[in-house]
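# Topology and contacts: notes
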Amino acid sequence: MVESKQQWKAWLYLAPAIVLLLIFTVWPIINTVSMAFLEGYSGLTKAGGDVTFKIGLGNFIHVVGHPDFLQAMKNTILLCLITVPVSTILALLIAVALNAIGPLRKALQTIFFLPYVTNSIAIGMVFAAMFNVIGSIGTRRPVIVSYGIVNDIIRLISGNSDPKNFINFINTGSSYEMNMLVMVIYIVWNALPFKILVLLGGLQSINKQYYDAAKVDSAPRWRVLTRITVPLLSPMIAYVVITGFIGGFKEYTSIVGIFGENMGPVHDAGRLNTMVGLIYDSLELDNQGGASAAALILFGIILVVTLINLQVSKKRVHY
Amino acid sequence: MKIVLKNLTKIFPSRNKKSNDEVIAVNNFDFEIPDGKLIGLLGPSGCGKSTTLYMISGLQKPTSGQIFFGEDDVTELSTEKRGIGLVFQNYALYPHMTVKQNILFPLQNLRGEDKMPKEKMLEQAYHAAKLVQIEELMDRKPSELSGGQQQRVAIARALVKMPRVLLLDEPLSNLDARLRLQTREEIRRIQKETGITTVFVTHDQEEAMSISDMIVVMKLGVVQQIGEPQNVYDSPANLFVAKFLGTPPINVFEGEVKEGKLLIGGAVVLDVNGVEDQPVTVGIRPEGFILDEQGPLHCRLSNVEVMGRDVSIVSTHEHSLNPIIRSIINADHKVNIGGEEVCYSLKSHKVFLFNRDTEERIYF
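Described below are features of the structure shown in this document. A quick note: this is a predicted structure, and the numbers were derived from the prediction, not measured.

So, on to the pairing of strand β4 (residues 64–69) of chain B. All names here are of chain B. Relative to β4, strand β1 (residues 3–12) runs antiparallel, the two sharing five bridges. Directly across from Lys 6, in β4, lies its bridge partner Gln 66. Two strands pair when backbone bridges link them, and β4 and strand β5 (residues 72–73) are joined in this way by two bridges, in the antiparallel orientation. Bridge pairing in β5 places Phe 68 opposite Asp 73.

Okay, here's the thing in structure tokens:
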């Protein structure tokens, strides 16, 4: 009897959280799924009166037929496949280095953590300024106000002060590869702090005695890293990779931060669009059905990738 | 490979810079470990025995003093280059590697001339595994092994590269009593088979006595006595060593020397010619008592424990410094004890006298 009373109390304490979850998480999920299958669903149309929507896959077909769809898929997957491994490896090396040094560690840790607490739109604008070339570019006599700090550095190092010696990273006429390069640098840099934090925590919980044993076994540093640190850290690495992929598939703000709502350089708007970008586009067109369908497609992709990740990590992660 | 320790000292600085509570873990350790011998470093916890071992391994740097392997000064040499094998107290097997990978790991790190082809490595790994009898466990992970098996894997990993020196840090502390007995014999056997100079650390005197060629008894960083186990047991240098070695422990009495006689509680118990008159602490090994109705040492009998081979007699005496006196009497002839009192005479070579203040041995 005491037990059931206790249980009742437990439910009572959980109630506020459950109510909030039901209103703000469970109900929207149900709603999203149902909207996705109601063809041409729109909040405005519905508000207009007694409208019924046909049930079907029309929204999905509409999304897939969107002119940006393939490009958005390509961008999203490409960014994921490049930035997740690169940022994970960099974070691992930085974490190992941070773990090895004594003084200055706290200070460096703080510096590496700063991107995490900074607004990503703000960082995006700073990146845009760094890679920007301000002025008129093209066949006319160049009147350039600023090359941006990145080009300044390149010009300084190359020692070539010719006005035409600059790389067009993000301005009108820039190439897709350069756009992606800037995006990759930004996303990797932005993804580092969280990964470093997790990996550093993992490193600090590894028993120091394994390293003493490795010393006794005369293991060179590189082997210590690959044969001991990485395997012992593998649960953390798996966690960082899986959350990295999930975050990567939801990439959006970083592109808005650098390229603005155009999702690309002025001459080719939408070139850097992503899946989440498509969802926003649909919402702006008041096409909630389409947005829901796009969200479900994204959810499906993330689900599949995460399942693959889990499957791989089962084989690779020790313990 | 002999190991020479010269004035080896390790001081751990105090944590708090203002206070001056630095710890002298090892104080001026001077010893030459002969080639191919098994040496037991023995002492209570905090006596500096593990620190000494880790200084030999190179994992800890001495504050002063030198370490030689043979003729080579290795004091400044890093652990990686010393070519030692070390078995850690909790084994430190790499949890993500199989037994085979664990044993192969030191071989894979060999460089230069020592580098060997894969088949040779495997052969050597299996040879080491055979030595410690774990060939059938090669594909298991450490978490799937018992403590004793893990310990053997740790020994195999330490031995596989044929180290110049094998170091063992309390290797038996995680094993149950029976396995401990069995494993210590095995360590002895492996050491004899390989002839590798071996140093092992323990706080268990029985363990050290049973397998070591020589034991080093330490207390608070200072070496108390070095010698063959039997010699140290038979002739302890001071009260600490006498108390530390032997089970059951030595019985300690307050006594007095007067005119060449040893008195305990006023009764003359032994002739000790050549000792100046002075108050002394008397140590008597449990096997140093002889049941004797006319014996001079009268104790109050509290208990008789029959253990088959021996009889252990528990008694008390007002001048005993221990709460009880335990004597061990051979059970060959029938022991007939009754009443309230038990009387002993003493075997003089089992009786040790110590200075009351310095606790140093007084020889007679």
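A surface patch of like charges, here negative, comprises Glu 256, Glu 259, Glu 276 and Asp 277 of chain B. Along the chain, Glu 276 of chain B falls in the loop between β13 (267–271) and β14 (278–284).

Across the boundary between the two partners, chain A contributes 19 residues, which contact 24 residues of chain B. Of the roughly 1,900 Å² buried between chain A and chain B, counting both surfaces, carbon and sulfur atoms make up 58%. It is Val 216, Asp 217 and Arg 227 of chain A that lose the most area in chain A upon contact with chain B, and together they represent 33% of the buried surface on that side. Between the two partners, chain A and chain B, sit one salt bridge. Here Asp 217 of chain A ties to Arg 157 of chain B by a salt bridge, and the two come within 3.9 Å at their closest N and O atoms. Linking chain A with chain B are 11 residue pairs in polar contact (both at pLDDT 80 or more). Of all the secondary structure elements, the ones that give two or more residues to the side of chain A that touches chain B are α9 (208–216) and α10 (221–249) of chain A. Here the residues of the side of chain A that touches chain B are counted per class, giving 10 nonpolar, four polar and five charged.

Let's shift gears to the packing of helix α5 (residues 105–117) of chain A against helix α8 (residues 176–204) of chain A. All names here are of chain A. Where α5 contacts α8, the two axes come as close as 6 Å, and the packing angle between them is 140 degrees. The angle between the axes of α5 and α8 places the two elements in the oblique class. Once α5 is placed against α8, the crossing between them reads as left-handed. Residues Arg 105, Gln 109, Phe 112, Phe 113, Pro 115 and Tyr 116 of α5 lie in contact with α8, whose contacting residues are Trp 189, Asn 190, Pro 193, Phe 194, Ile 196, Leu 197, Leu 200 and Gln 204. Each residue belonging to the contact of α5 with α8 can be placed in one class, and the counts come to 10 nonpolar, three polar and one charged.

The rules behind these values
Residues numbered from 1 in each chain as written. Chains lettered and ligands numbered in written order. Predicted model: local features only at pLDDT ≥ 70, side-chain atom pairs only at ≥ 80, totals over all residues. Heavy atoms only, no water. Pairing = 2+ DSSP bridges. Helix = DSSP H or I, 4+ residues; strand = E, 2+ residues; numbered from the N terminus. Patch = residues over 30% accessible without salt bridge, like charges linked within 9 Å, V, L, I, M, F, W, Y side chains within 5 Å. Areas by Shrake-Rupley, 256 points an atom, 1.4 Å probe, with all protein chains shown as cover. Salt bridge = Lys/Arg side-chain N within 4 Å of Asp/Glu carboxyl O. Lys, Arg positive; Asp, Glu negative; His and termini not counted. Charge placed at Lys NZ, Arg CZ, Asp CG, Glu CD. Contact = heavy atoms within 4.5 Å. Buried area = accessible area lost by both parts, 1.4 Å probe. Polar contact = N/O pair within 3.5 Å; in protein donor to acceptor, adjacent residues only side chain to side chain. Nonpolar A, V, L, I, M, F, W, Y, C, P; charged D, E, K, R; others polar. Axes fitted to C-alpha atoms, helices over the stretch in contact; angles between N-to-C directions. Parallel < 35°, antiparallel > 145°, perpendicular 65-115°, else oblique. Left-handed = near helix turned anticlockwise from the far one by under 90°.

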